[in-house]
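# Close look at the chain arrangement
This is what each chain is made of:
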Amino acid sequence: MPNVKLPTGIDLYYESHGGGEPLIFVPSTAYSGEVWKPSQMPLADSLNIIFHDPRGCGRSVAEQQVYTIEQMALDIVALMDHLKILSAHFIGHSMGGRIALSLAQNFPGRVKSLIMAASGSGPAARPGSDCIPGLPHRLVLDMVEMGFEKFIYDEIVESDTFFTKDYRDKNHDKVEEFFKLAWATHAKLPEFIHLCMARHNFEGTHRLGDVKAPTLVLIGEADTIGSNHIAQSKVLAERIPGAEMKVLKGQSHGFFWQAPEATNRVILDWVKTHSAR
């Protein structure tokens, strides 16, 4: 797919696959749309799945130097206008969930349903020192000590953040391959810092009650490393009206890639259930 120049000030790369109900994927911090391939591509047999590279990532180029979560949500609204999609289902992973949440809070008519996958709503929903606004101390310290590429490599390959230890021990080659896939179009260091600043300056917790779309909070039972997404997911489930929470057994932050078949079944069942809107 070609890039498209949007009125929000971004030359945005996107892909659209399949047909039927539109499902827009919003990736985690600094990841491009490439991370959904091939793991989520089978969903294109039943749905119109739409991937994109958020500003600062992959093949998208933004005019502005400062990024915000709200700004990245507006990019998606502009993409929907370009594609003539009045409303869609959304699935946001980690920071991508914050972007999808902002869109659901500010453009409720554009959201048919929402899946908050291993995500949160801002510092107010975080436990411990992570509730302090601004870049977390551990993020800055680890990245300075390790260096940028090693920091990302450690998060994906050597820690329990994305993949459980048991899975990594048995599937080291697959984990390495995912790192190579993600790193090839990962945001560079300057853009990564902008994205992290956007992530940690967003606060949507006070407006969780404004979410009108049916919402599924999807989380791996072992996703407690770093900012503890289990705790953040509980806040989402408690404060978003009518939200449902599903805990994936034996999974951590990267369940899309550790258990793609099971994850895709959950996604497809949810979208089909809420496609009458």
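Being a predicted model, the structure only gives us computed values, none of them experimental.

In summary, soluble globular proteins display a tendency toward joint burial of nonpolar side chains. In terms of nonpolar packing, the biggest core is built from 89 residues, with Phe90 and Ile156 touching the most fellow members. In terms of residues, this core owes the most to one element, helix H1 (residues 69–83), which gives eight residues.

All right, on to the packing of aromatic side chains then. Under the defined criterion, the tally for this structure stands at 17 aromatic pairs. Ring geometry for Tyr31 against Phe178: centres 6.3 Å apart, planes inclined by 70 degrees, an arrangement best described as edge-to-face. Of this pair, Tyr31 sits in the loop between strand E3 (22–26) and strand E4 (48–52) while Phe178 is found in helix H6 (residues 172–184), placing the two residues 147 residues apart along the sequence. Owing to a relative accessible area of 6%, Phe178 belongs among the buried residues under this scheme. Centre to centre, the rings of Phe163 and Tyr167 are 5.6 Å apart; their planes meet at 15 degrees, and the pair counts as stacked. Comparing Phe163 with Tyr167 shows no difference in burial state: the two are buried. Through pairs of rings, three or more aromatic residues link up here, namely Phe25, Tyr31, Trp36, Phe51, Phe162, Phe163, Tyr167, Phe178, Phe255, Phe256 and Trp257. Lying over the aromatic face of Tyr13, Arg59 brings its terminal NZ or CZ to 3.8 Å of the ring centre.

Let us look at the pairing of E4. Of all the five residues making up E4, five are buried; the element is thus mostly covered by neighbouring parts of the structure. Burial of the side chains of E4 extends over both faces: Asn48, Ile50 and His52 are buried on one face and Ile49 and Phe51 on the other. Pairing of strand E2 (residues 10–17) with E4, which is carried by four bridges, proceeds in the antiparallel orientation. By the bridge assignment for E4, His17 is matched with Ile49. Looking at chain direction, E3 and E4 are connected through three bridges and run parallel. Across the sheet, the residue bridging to Pro22 is Asn48, located in E4.

Conventions adopted
- Residues numbered from 1 in each chain as written.
- Predicted model: local features only at pLDDT ≥ 70, side-chain atom pairs only at ≥ 80, totals over all residues.
- Heavy atoms only, no water.
- Core = buried A, V, L, I, M, F, W, Y, C linked by side-chain atoms within 4.5 Å.
- Buried < 20%, exposed > 50% of the residue type's maximum accessible area, 1.4 Å probe, protein only.
- Helix = DSSP H or I, 4+ residues; strand = E, 2+ residues; numbered from the N terminus.
- Phe/Tyr/Trp six-rings, centres within 6.5 Å; stacked < 30°, edge-to-face > 60°.
- Lys NZ or Arg CZ within 6 Å of the ring centre and 35° of its normal.
- Pairing = 2+ DSSP bridges.

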